[in-house]
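# Coordinate analysis (summary)
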Amino acid sequence: MNEINHIPSNHPRAQSLAIRQLLVNGFKSGLVVSEGLIAHGRGEAFDYLLGEKTSNYAFDAIKAASSLLLLAKRPVISVNGNTAALCPKEIVDLANETKSSIEVNLFYRNKTRENLIAESLKKNGANIVLGVGQKEFVKIPELTSNRRHVDPEGIFLADVVFVPLEDGDRTKALINMQKKVITVDLNPLSRTSQNATISIIDNIVRVFPELVKTSKQLKQMSQNSLLEILNNFNNKYNIDGSLKIIRRWKCDQ
Ligand code: ATP
Ligand code: MG
């Protein structure tokens, strides 16, 4: 059943091919749109430049993100097709660890895909998935894409929104609504990375398990300790660090 098995484990690009396969499987089952495959390609190029591992800058951003989610009053994790195809179980685990709600939010929205994503999250243990069904959605001001439609009990009321693999316009619109925004984006120069409150510059498949592990540890700490982690984090400095990693490459490496 699982086509990933066809990739030989000793292939030098085995992991990257396995991730592609998850997305292609997601595309075939209707979770992922064709545009999502292209967006992944842009991410992969940056992953190559970042050395395909989680940098210390990304670890720091993960710690800050986890603190912010744990301190939030109404945290929401926003899920799109690529995220659902790559990390369905970890989305649910992170929601449980940080008491976050889960909301499906799609750029290319249609009822079938919305329901498929919600079903896949429920199969992985989610009880409630917002952003689906017949209810009246609320529109985020300033936005024209389908992503402006948000759940009145979810993103609309949230103080912290985690939007992995987000589009720049919506990140800006959420910030303009006075929300704190956490993102995962391999491109340190994207409008999303540049505008988010906390930008984790790393591959989502490495970030989610690390976020779950970190949240498990940090939730044992006091609110003051979490606040201190947040106060010591500087997003611009951190993004600059990722750009430095990219600039380190030399022709003979
Ligand atoms: P922006 O709208 O923020 O300027 P963009 O238009 O270049 O960005 P989008 O298509 O809106 O890009 O969003 C996809 C983003 O997700 C890209 O910046 C890409 O680098 C990133 N991305 C794709 N796959 C992954 C992944 N597996 N892990 C982390 N980031 C990824
Ligand atoms: Mg975009």
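Computed from a predicted model, the values in this text were never measured in an experiment. (Residues numbered from 1 in each chain as written. Chains lettered and ligands numbered in written order. Predicted model: local features only at pLDDT ≥ 70, side-chain atom pairs only at ≥ 80, totals over all residues. Heavy atoms only, no water.)

## Observations concerning the overall build of the chain
Cut-off, in case you're wondering: In this text, helices come from DSSP runs of H or I with a minimum length of four residues, and strands from runs of E with a minimum of two, each type numbered from the N-terminal end. All radius of gyration figures rest on C-alpha atoms, and the globule criterion is 2.2 Å times the number of residues raised to 0.38. Each residue gets one of three labels from its accessible area relative to the maximum for its type: buried under 20%, exposed over 50%, partly exposed in between, using a 1.4 Å probe on protein chains only. The contact criterion used is simple: two residues touch if any of their non-hydrogen atoms lie within 4.5 Å. The sign given to each residue is positive for Lys and Arg and negative for Asp and Glu; His and the chain ends receive no count. To locate a charge, the coordinates of NZ of Lys, CZ of Arg, CG of Asp or CD of Glu are taken.
What the chain contains, in helices and strands, is eleven helices and seven strands. In terms of overall size, the chain behaves like a compact globule, its C-alpha atoms giving a radius of gyration of 18 Å where 253 residues would be expected to give roughly 18 Å. Its C-alpha atoms give the chain principal-axis dimensions of about 55 × 45 × 35 Å. Out of the 253 residues belonging to the chain, those deemed buried represent 53%. Taking the contacts inside the chain whose residues are at least 6 apart along the sequence as the reference set, 63% of them involve residues at least 24 apart. Taking the average place of the 33 positive charges on the side chains of the chain and the average place of its 26 negative ones, the gap between the two points comes to 1 Å.

## Details of the sheet that holds strand β6 (residues 180–184)
Short version of the rule: Two strands qualify as a pair provided that DSSP identifies no fewer than 2 bridges between them. In this analysis, axes come from line fits to C-alpha atoms, helices being fitted only over the stretch in contact, and the angle between any two N-to-C directions falls in the range 0 to 180 degrees.
Across the sheet, which stays open at both edges, the five strands sit in the order β2-β1-β5-β6-β7 with parallel pairing between neighbours. Because the sheet does not close on itself, it has two edges, and the strands there are β2 (101–104) and β7 (198–200). This sheet shows a mean twist of 20° between the axes of neighbouring strands, independent of strand direction. Where strand β1 (residues 75–79) meets strand β5 (residues 160–162), three bridges bridge the pair, whose relative direction is parallel. Bridging from a neighbouring strand, P75 pairs with V160 of β5. Together, β1 and β2 form the strand contacts of helix α6 (residues 111–123), whose direction differs from that of β2 by roughly 150°.

## A closer look at the domain arrangement of the chain
One frequently used descriptor of interface size is the decrease in accessible area upon assembly of the parts. Convention followed: Those domain boundaries reflect an automatic or database domain assignment. Throughout, the accessible surface (probe 1.4 Å) given up by two parts as they are put together, summed over both, is called the buried area. Put simply, a salt bridge is a Lys or Arg side-chain nitrogen that is within 4 Å of an Asp or Glu carboxyl oxygen.
Domain annotation for the chain reports domain 1 (2–49) and domain 2 (56–244). The gap between the C-alpha centroids of domain 1 and domain 2 is 21 Å. Between domain 1 and domain 2, the contact holds 16 residues from the first and 15 residues from the second. Both faces combined, the contact of domain 1 with domain 2 buries some 1,400 Å², and carbon together with sulfur accounts for 66% of it. The largest per-residue losses of area from domain 1 upon contact with domain 2 belong to L31, F46 and D47, which jointly make up 40% of the total buried on that side. The interface formed by domain 1 and domain 2 holds one salt bridge in total.

## Focus: empty space enclosed by the protein
Note the cut-off: Buriedness for pockets is judged along seven lines, at least five of which must meet protein on both sides within 12 Å for an open set on the 1 Å grid over protein atoms alone, while cavities are sets there where a 1.4 Å probe fits but cannot get out, and lining residues have an atom within 4 Å of a point. Grid points are joined across faces, edges and corners, and a volume is the space filled by probe spheres set on the points. Three classes are used, and their members are as follows: Ala, Val, Leu, Ile, Met, Phe, Trp, Tyr, Cys and Pro are nonpolar, Asp, Glu, Lys and Arg are charged, and the others, Gly among them, are polar.
Overall, the coordinates contain one cavity of 30 Å³ or more when judged by the stated rule. Of the volumes computed, that of the largest cavity is approximately 30 Å³. Along its surface, the largest cavity is lined by L50, K53, S55, I201, D202, R206 and S242. Of the residues that constitute the lining of the largest cavity, the class distribution is two nonpolar, two polar and three charged.

## Section: the site of ligand 1
For the record, the criterion: Consider each residue's heavy atoms; a residue with any of them within 4 Å of a molecule or strand counts as near. The definition of a polar contact used here is a pair of N or O atoms within 3.5 Å, where within protein one atom must be able to donate a hydrogen and the other to accept one, and adjacent residues in sequence count solely through side-chain atom pairs. Computed by Shrake-Rupley with a 1.4 Å probe, the accessible areas treat only the displayed protein chains as cover when residues are assessed. In this description, a molecule resides in a pocket or cavity if more than half of its atoms sit within 2 Å of the grid points defining it.
Contacts to ligand 1 come from 17 residues, most closely from G168, D185, R191, T192 and I204. Here I204 contributes a backbone N or O atom positioned 3.0 Å from a nitrogen atom of ligand 1. Burial of ligand 1 by the surrounding chains reaches 87%, relative to a free accessible area of 630 Å². If you map ligand 1 onto the pockets, it falls in the largest pocket. Those elements giving two or more residues to the shell around ligand 1 turn out to be α2 (34–49) and α8 (191–195).

## Section: the nonpolar core
Stated precisely, the cut-off is as follows: Definition of nonpolar core: a set of buried residues of the types Ala, Val, Leu, Ile, Met, Phe, Trp, Tyr and Cys, connected through side-chain atoms within 4.5 Å.
Counting 45 residues, the largest nonpolar core has L121, F162, I182, I198 and I200 as the members making the most contacts within it. Both domains that meet at this core, namely domain 1 (2–49) and domain 2 (56–244), each give it at least three residues. If you look at the next biggest cluster of nonpolar residues, it comprises twelve residues, including V76, L143, A158 and A196.

## Concerning the pairing of β1
Of all five residues in β1, five are buried, a share of seventy percent or more. The side-chain alternation of β1 yields two buried faces, one formed by P75, I77 and V79 and the other by V76 and S78. Note that β1 and β2 share four bridges and pair parallel. Bridge pairing links V79 to V104 in β2.

## Let's talk about a nonpolar patch on the surface
The condition that has to hold: Patch membership requires more than 30% relative accessible area and the absence of a salt bridge. Residues of like charge join within 9 Å; the nonpolar side chains Val, Leu, Ile, Met, Phe, Trp and Tyr join within 5 Å.
Residues Y48, L49 and W249 make up a contiguous nonpolar surface patch of about 330 Å² in total accessible area. As for its placement among the helices and strands, L49 is situated in helix α2.

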